[in-house]
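# Tertiary structure, described
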Amino acid sequence: QIEENKKVRGFAAAKLSGRLVQLVSIHVPHDTAKNKVKKTAVPEDGEGNVQVGVRVLVLLAERFLPVGSITDSLVAAGDWNADVREVAVQTACHLATSGLRVEVYAPEGASQLGEAAPIDGIVVLKRRPS
């Protein structure tokens, strides 16, 4: 679970039977920034939901893909309430030395009316081969 903007969100997680894959359902809380630019990649204050999404993925990586774990992939899918492509890019930068590769699967354009970028999508964290 994560607490953000005075909201606690639990995430449903499951391990695929016989596989080394962890699945997680995502619903990142809305940003309550006063600048009303809720889902942009780089809001004026440098925070916003992109950073919330990055924090969620880092927490999930720490929980489900720690060093020495036999799990080799984490699939996080759902509503990021931010540009999911930017969440993936910034997560990749944050996890650059972790041995994890970040992949994103999302529409080219907006996934919701009134949005400029896809806020719904799949982010996959995979261990790099040794």
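Residues numbered from 1 in each chain as written. Predicted model: local features only at pLDDT ≥ 70, side-chain atom pairs only at ≥ 80, totals over all residues. Heavy atoms only, no water.

### A few points about the pairing of strand β5 (residues 73-79)
Looking along a regular strand, one sees side chains alternate from face to face of the sheet. Note the following rule: Only protein chains enter the area calculation, which uses a 1.4 Å probe; residues under 20% of their type maximum are buried, those over 50% are exposed, and those in between are partly exposed. The helix count covers DSSP runs of H or I at least four residues long, the strand count covers runs of E at least two residues long, and both are numbered beginning at the N terminus. Two strands are counted as paired when DSSP detects at least two bridges linking them.
The buried count for β5 comes to five of seven residues, which makes it a mostly enclosed element. Across seven bridges, the pairing between β5 and strand β7 (residues 120-127) is antiparallel. Residue pairing in the sheet places A76 in a bridge with V123 of β7.

### Quick word on helix α2 (residues 84-94)
Put simply, the test is: The arc under discussion is defined with respect to the helix axis, by the directions toward the C-beta atoms. The criterion used for residue contact is that any of the two residues' heavy atoms lie within 4.5 Å. Contacts described as polar in this section are N or O atom pairs within 3.5 Å, which, within protein, must combine one atom able to donate a hydrogen with one able to accept it, while residues neighboring in sequence count only if both atoms come from side chains.
Buried residues of α2: V84, V87, A88 and T91, and no others. Down the axis of α2, the sector holding all buried residues measures 95 degrees, keeping them to one side. On its buried face, α2 sits against α1 (49-64), β6 (100-105) and β7. N-capping of α2 is provided by D83, with a side-chain oxygen placed 2.9 Å from the backbone N of R85.

### Brief notes about the sheet that holds β6
As a reminder of what qualifies: For helices, the axis comes from a line fit to the C-alpha atoms of the stretch in contact; other axes are also lines fit to C-alpha atoms, and the angle between any two N-to-C directions lies between 0 and 180 degrees.
Strands sit in the order β3-β4-β5-β7-β6 across an open sheet of five strands; the sheet is mixed. The open sheet is flanked by β3 (13-15) and β6, the only strands paired with a single partner. This sheet shows a mean twist of 15 degrees between the axes of neighbouring strands, independent of strand direction. The sheet contact formed by β6 and β7 spans six bridges and is antiparallel. Residue pairing across strands places Y105 opposite I122, the latter belonging to β7. Packed onto the sheet, α2 meets β6 and β7 and runs at close to 175 degrees relative to β6.

### Digging into the nonpolar core
Filter applied, for reference: Working definition of a nonpolar core: buried Ala, Val, Leu, Ile, Met, Phe, Trp, Tyr and Cys residues. They are joined through side-chain atoms within 4.5 Å.
Residues I26, L60, L74, W80 and L125 are the most contacted members of the largest nonpolar core, which totals 27 residues. Contributions of two or more residues to this core are made by β4 (21-27), α1, β5, α2, β6 and β7. The element that contributes the greatest number of residues to this core is α1, accounting for nine residues. Apart from residues lying up to four places away in sequence, L60 is in contact with V24, I26, L65, L74 and A76.

### A closer look at the pattern of salt bridges
Defined as follows: For this document, the term salt bridge refers to a Lys or Arg side-chain nitrogen within 4 Å of an Asp or Glu carboxyl oxygen.
Counting across every chain of the model gives three salt bridges. For R85, the salt bridge goes to E108, with nearest N and O atoms at 3.8 Å. One end of the pair, R85, is in helix α2; the other, E108, is in the loop between β6 and β7, with 23 residues separating them in the sequence. Judged by its relative accessible area of 25%, R85 falls in the partly exposed class. Classification of E108 by relative accessible area gives exposed; the value is 76%.

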